[in-house]
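Overview (structure and organization)
Here is how the chains run, residue by residue.
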Amino acid sequence: MSTSLLLARHGQTIWHAENRYAGVSDIGLTDEGREQAQALGRWAAVHRPDAVWTSPLSRAIATADPACRALGVTPHRELGLRECDFGVVEGRTLAEFAAEVPDAAEAFRADPVGYPFPGAEDPLEAAARGTAALRRIAAAHPGERVLVVAHNTLLRLVLCSLLQIPAREYRRVFPRLRNAAITELRLDKEGSAALLSLNVPCEPDRS
């Protein structure tokens, strides 16, 4: 029996608005991020997932809160869904890092798994813990639809792992997951995965 995982990146934060790496730093949502969370809540009220799981970081919890209130459920928190630690680049942009250490930045751009930022979590280890977390969630909800609110880099690494895409390609194949958009992944009990949709907005663009 398969489980449908409805993956959502958290809403915008101040650092993400400036394209800064947040990683394990616990940065709050902007006003736009809070509106994205409300849009996710309105989506949940219509689509009615059976359960909600989140990263333990406050930006993911806050993004999931309107959906939980719309559904009348308590979110489950999963440590394995936390974002990658980006080491020396936490709170900085890639351009700032490149200005200081151009060779290291260029190596990262070419192969972000082989040449992660100094002091950063090993991307393959992050992919493994995130993949294990999604498998645990799927096993706990056979045949159900589960909203999972987590993070951009972690989810891209996990998608590569589950879909058998080389991890070093995560930035090219999945340039970014949009804030509070839905990516649907189906996992079956044998462990195989299928990507059903990617970056579907919760609501039509009002601009």
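Anyway, here's the lowdown on the structure attached to this text. Remember, it's a predicted structure, so these values are computed and weren't measured experimentally. (Residues numbered from 1 in each chain as written. Predicted model: local features only at pLDDT ≥ 70, side-chain atom pairs only at ≥ 80, totals over all residues. Heavy atoms only, no water.)

1. Observations concerning the environment of aspartate 188
Heads up, the condition is: Comment: elements are numbered from the N terminus, with helices defined as DSSP H or I runs of at least four residues and strands as E runs of at least two. Each residue is placed in one exposure class: buried if its accessible area under a 1.4 Å probe, protein chains only, is under 20% of its type's maximum, exposed if it is over 50%, and partly exposed if it falls in between. A contact between two residues is defined here by any heavy atoms of the two lying within 4.5 Å. Pairs of N or O atoms are called polar contacts if they sit within 3.5 Å, as long as, within protein, a hydrogen donor faces a hydrogen acceptor (for residues adjacent in sequence, only side-chain-to-side-chain pairs).
Tracing the backbone shows aspartate 188 in the loop between strand 5 (182-187) and strand 6 (193-200). Classification of aspartate 188 as partly exposed rests on a relative accessible area of 25%. Each C-alpha atom of the pair aspartate 188 and serine 4 lies 8.8 Å from the other, and the pair is 184 residues apart in sequence. Excluding its chain neighbours within four sequence positions, the residues that come into contact with aspartate 188 are Met1 and Ser2. Engagement of the side chain of aspartate 188 in a polar contact is seen with the backbone nitrogen of glutamate 190, the distance being 3.0 Å.

2. Observations concerning the sheet that holds strand 6
The line we're drawing: Note on pairing: two strands pair once DSSP finds at least 2 bridges between them.
Spatial ordering of the open sheet is given by 3-2-4-1-5-6, a layout of 6 strands whose pairing is mixed. The open sheet has two edge strands, strand 3 (76-77) and strand 6, and neither has a second partner. Pairing of strand 1 (residues 3-9) with strand 5 involves 6 bridges; the strand directions are antiparallel. Residue pairing across strands places alanine 8 opposite isoleucine 182, the latter belonging to strand 5.

3. Thoughts on helix 7 (residues 152-163)
For an α-helix, 3.6 residues make a turn, and residues three or four places apart therefore share a direction. To keep things clear, this is the line we draw: Expected helix span is taken as 1.5 Å per residue step, with the number of steps being one fewer than the number of residues.
With 12 residues, helix 7 extends 16 Å between its outermost C-alpha atoms, agreeing within 8% with the 16 Å of an ideal straight helix rising 1.5 Å per residue. Taking burial as the measure, the 12 residues of helix 7 include 10 buried ones, the bulk of the element. Among the residues making up helix 7, those that are buried are Asn152, Thr153, Leu154, Leu155, Arg156, Leu157, Val158, Leu159, Cys160 and Leu162. Of the surrounding secondary structure, the elements contacted by the buried residues of helix 7 are strand 1, helix 6 (123-140), strand 4 (145-150), helix 8 (170-173), strand 5 and strand 6. Directly beyond the C-terminal end of helix 7, a positive phi value near 60° is found at glutamine 164.

4. What to know about the packing of aromatic side chains
Defined as follows: Two rings from Phe, Tyr or Trp (for Trp, the six-membered ring) form a pair when their centres are within 6.5 Å of each other. A pair whose planes differ by under 30 degrees is stacked, one over 60 is edge-to-face, and the rest are tilted.
Taken as a whole, this structure holds 4 aromatic pairs when the rule is applied. Ring geometry for phenylalanine 97 and phenylalanine 117: centres 5.3 Å apart, planes at 80°, overall edge-to-face. Placement of phenylalanine 97 in helix 4 (residues 94-100) and of phenylalanine 117 in the loop between helix 5 (102-110) and helix 6 is noted, with a sequence separation of 20 residues between them. Taken as a pair, phenylalanine 97 and phenylalanine 117 share a single burial class, namely buried. Among the aromatic residues, ring-to-ring pairing joins Tyr21, Phe86, Phe97, Phe108 and Phe117 into one connected group.

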